[in-house]
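Structural overview
Okay, here's what each chain looks like letter by letter:
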Amino acid sequence: MMIFVQKLTYIAFSYVDGSKSSDKLNEHQKSNALILFPGILEFYSYLFHFQGVVVGPGCNFKDYIEFIDGTNIKKHQNYSTLKCPSVKKALFKKISITLLMIVVFLKLTLKYPFSSYLEPDVLAKPLWFRLLYLHLASKGHHLYYYIPWTLSDAVNNASGFGFNGYDEKGEPKWDLLTNINIYELETSTSFKHSIDNWHIQTKNWLRRIFFDRLPKGKTLGVFVVSCIWHGFYPGYYFSFVFSAFVIYVGRGIRRNIRPFFLKNKILTHLYAVITYSVTHITIAYIIVPFFVLTVESSIKFYNSLYWIGHLLTLILIVTLPKQSFKSKSS
């Protein structure tokens with residue numbers, strides 16, 4: 001149902017964009033606008049195509065039709081030498097990574113579930129131990145999403161869907177439907193960079209359908225929509241609404257504090273170490289309610305850490321210049 005919502009809104013807004021004047025549309029809206037509504041075969045094929053009907057990822061209608069009629073290959077090649085780009089290397093890499101992650105999942109994720117953090121024997125441990133446990137559990141729980149998203153990307157690629165042109169070395173890129181950049185995410189030094197490389201296709205959908213169209217409150221509005229899209233468990237709202245305020249604070253830190261650390265290499269490396277550590281502990285702090293779901297468990301978790309993340313965020317919101325919280329596109 002979640003993927004269907006993405007696809008139906010993509011078609012609906014693209015059709016509405018097709019009736020608007022081009023000067024009222026951004027470049028993405030212009031390129032994806034539908035003048036005519038799809039026929040019944042195209043419509044249901046887009047909704048139910050086998051590669052993405054279970055775990056997605058969602059894609060816009062134009063990308064799907066270009067895959068069906070071959071335009072996705074033709075527009076990146078010379079017609080006189082047209083050939084199907086090889087997908088073997090991309091498939092081998094993605095399937096190998098999936099198998100490796102399954103092994104790690106069995107060894108790490110099942111050993112450190114978030115629910116165990118709330119057990120009395122863990123809560124009785126020192127703060128450093130609980131933070132370490134939280135970090136390990138967070139990394140393990142990422143695999144709940146890394147595995148199906150990487151595998152679904154491979155399934156789409158195996159069918160020929162996902163080709164995205166060639167890189168500077170002339171190698172075919174199969175990342176049109178990639179949903180996760182694991183290396184970028186795991187080495188991220190900011191919450192914003194983490195979000196940019198997590199659930200990429202849903203991030204694109206939220207930006208194109210909501211962020212680009214909301215007149216005000218774009219960031220908070222998008223996170224509220226994401227809550228509703230996921231469902232109505234209270235834990236989702238604990239996680240996503242707080243994430244919006246972390247994004248605001250991240251902008252403020254980058255614009256007001258980061259420049260002081262760019263004066264020499266030592267300070268720059270120190271800033272990278274600090275922001276890496278804070279980013280990944282913050283992610284763990286944010287996502288626990290997403291997994292434990294209930295109000296009682298979410299509050300019990302935050303009580304165990306004295307609501308430190310919320311308090312620090314509030315302090316930074318109060319002390320940093322308000323103008324620095326705005327996005328560049330606002």
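Look a little higher up for the structure.
My aim in this report is to walk through the structure given alongside it, one point at a time.

Procedures and definitions
Residues numbered from 1 in each chain as written. Predicted model: local features only at pLDDT ≥ 70, side-chain atom pairs only at ≥ 80, totals over all residues. Heavy atoms only, no water. Helix = DSSP H or I, 4+ residues; strand = E, 2+ residues; numbered from the N terminus. Rg over C-alpha atoms; globule rule 2.2 N^0.38 Å. Buried < 20%, exposed > 50% of the residue type's maximum accessible area, 1.4 Å probe, protein only. Contact = heavy atoms within 4.5 Å. Lys, Arg positive; Asp, Glu negative; His and termini not counted. Charge placed at Lys NZ, Arg CZ, Asp CG, Glu CD. Phe/Tyr/Trp six-rings, centres within 6.5 Å; stacked < 30°, edge-to-face > 60°. Core = buried A, V, L, I, M, F, W, Y, C linked by side-chain atoms within 4.5 Å. 1 Å grid on protein atoms, 1.4 Å probe; cavity = no way out; pocket = protein on both sides within 12 Å on 5 of 7 lines; lining within 4 Å. Points joined across faces, edges and corners; volume = space filled by probe spheres on them. Axes fitted to C-alpha atoms, helices over the stretch in contact; angles between N-to-C directions. Parallel < 35°, antiparallel > 145°, perpendicular 65-115°, else oblique. Left-handed = near helix turned anticlockwise from the far one by under 90°. Nonpolar A, V, L, I, M, F, W, Y, C, P; charged D, E, K, R; others polar. Patch = residues over 30% accessible without salt bridge, like charges linked within 9 Å, V, L, I, M, F, W, Y side chains within 5 Å. Areas by Shrake-Rupley, 256 points an atom, 1.4 Å probe, with all protein chains shown as cover. Salt bridge = Lys/Arg side-chain N within 4 Å of Asp/Glu carboxyl O.

On to the overall build of the chain, then. Scanning the chain for helices and strands turns up 17 helices and zero strands. Against the compact-globule benchmark of 20 Å for 330 residues, the chain has a radius of gyration of 22 Å, which places it among compact chains. With the C-alpha coordinates of the chain rotated into their principal frame, the extents come out at 65 × 45 × 45 Å. Here the chain holds 330 residues, and 42% of them are scored as buried. Pairs at least 24 apart in sequence give 67% of the contacts found in the chain among residues at least 6 apart. Across the chain, the 36 positively charged side chains and the 19 negatively charged ones have centroids separated by 7 Å.

With that settled, consider the packing of aromatic side chains. In total, this model carries 37 aromatic pairs according to the counting rule given. Geometrically, the ring pair formed by Y64 and F67 is tilted, given 6.3 Å between the ring centres and 55° between the ring planes. Remark: F67 and Y64 occur in helix 4 (residues 61-69); sequence separation between them is three residues, near one turn of the helix. There is no split in this pair, since Y64 and F67 are both buried. Relative to W174, the ring of F163 has its centre 5.5 Å away and its plane inclined at 55°; by these criteria the two rings are tilted. With F163 in the loop between helix 9 (127-158) and helix 10 (182-186) and W174 in the loop between helix 9 and helix 10, the pair connects residues that are eleven residues apart, well separated along the chain. Each member of the pair F163 and W174 is classed as buried. By the ring-pair criterion, three or more aromatic residues cluster together here, those being F105, Y144, Y145, Y146, W149, W198, Y233, Y236, F240, F290 and F291.

So, about the nonpolar core. Y117, L134 and F301 are the most contacted members of the largest nonpolar core, which has 27 residues in total. With eight residues, the top contributor of residues to this core is helix 15 (residues 265-292). Once you skip the residues sitting within four places of it in the chain, Y117 turns out to touch V122, L123, R130, Y133, F301, S304 and L305. Grouped together as the second largest cluster of nonpolar side chains are 20 residues, I11, L34, F43 and Y64 included.

Another point: empty space enclosed by the protein. Sizing a probe to match a water molecule and rolling it over the atoms shows the empty space that remains. Following the criterion strictly, the structure yields two cavities of 30 Å³ or more and no others. Here the largest cavity is characterised by a volume of approximately 70 Å³. For the largest cavity, the full set of lining residues is Y10, F13, S14, D17, H28, Q29, N32, N60, R208, I209 and R213. Of all the secondary-structure elements, those providing two or more residues to the lining of the largest cavity are helix 1 (2-18), helix 2 (27-32) and helix 12 (200-211). It is helix 1 that provides the largest number of residues to the lining of the largest cavity, a total of four residues.

It is worth spelling out the layout of surface pockets at this point. In this structure, the second largest pocket spans a volume of roughly 630 Å³. Around the second largest pocket sit 22 residues that line it, and A90, K93, K94, W174 and D175 are the ones nearest its centre. Those elements that place two or more of their residues in the lining of the second largest pocket are helix 6 (88-109) and helix 9. Per-element accounting of the lining of the second largest pocket gives the leading share, six residues, to helix 6.

This part takes up the packing of helix 14 (residues 234-256) against helix 15. Close contact between helix 14 and helix 15 brings their axes to 7 Å; oriented N to C, the two are set at 160°. As the angle between them shows, helix 14 and helix 15 are arranged roughly antiparallel. When the axes of helix 14 and helix 15 are compared, the crossing they make is right-handed. Contact with helix 14, carried on its side by G235, Y236, F238, S239, F240, F242, S243, V246 and I253, involves Y271, T282, Y285, I286, I287, P289 and F290 of helix 15 and no other residues of that element. Among the residues forming the contact of helix 14 with helix 15, the class breakdown is twelve nonpolar, four polar and no charged.

Structurally, the position occupied by H135 is in helix 9. Classification of H135 as partly exposed rests on a relative accessible area of 22%. Dropping the residues within four chain positions of it, H135 is found in contact with H280 and I281.

Examined against the element boundaries, T313 turns out to sit in helix 17 (residues 308-319). Leaving out residues up to four positions away in the same chain, T313 has contacts with F242, F245, V246 and V249.

Judged by side-chain polarity, I40, L41, Y44, F48, V53, V54 and V55 come together as a nonpolar surface patch covering roughly 740 Å² of accessible area. With respect to the helices and strands, the residue I40 is situated in helix 3 (residues 40-48). For I40, a relative accessible area of 66% puts it in the exposed group.

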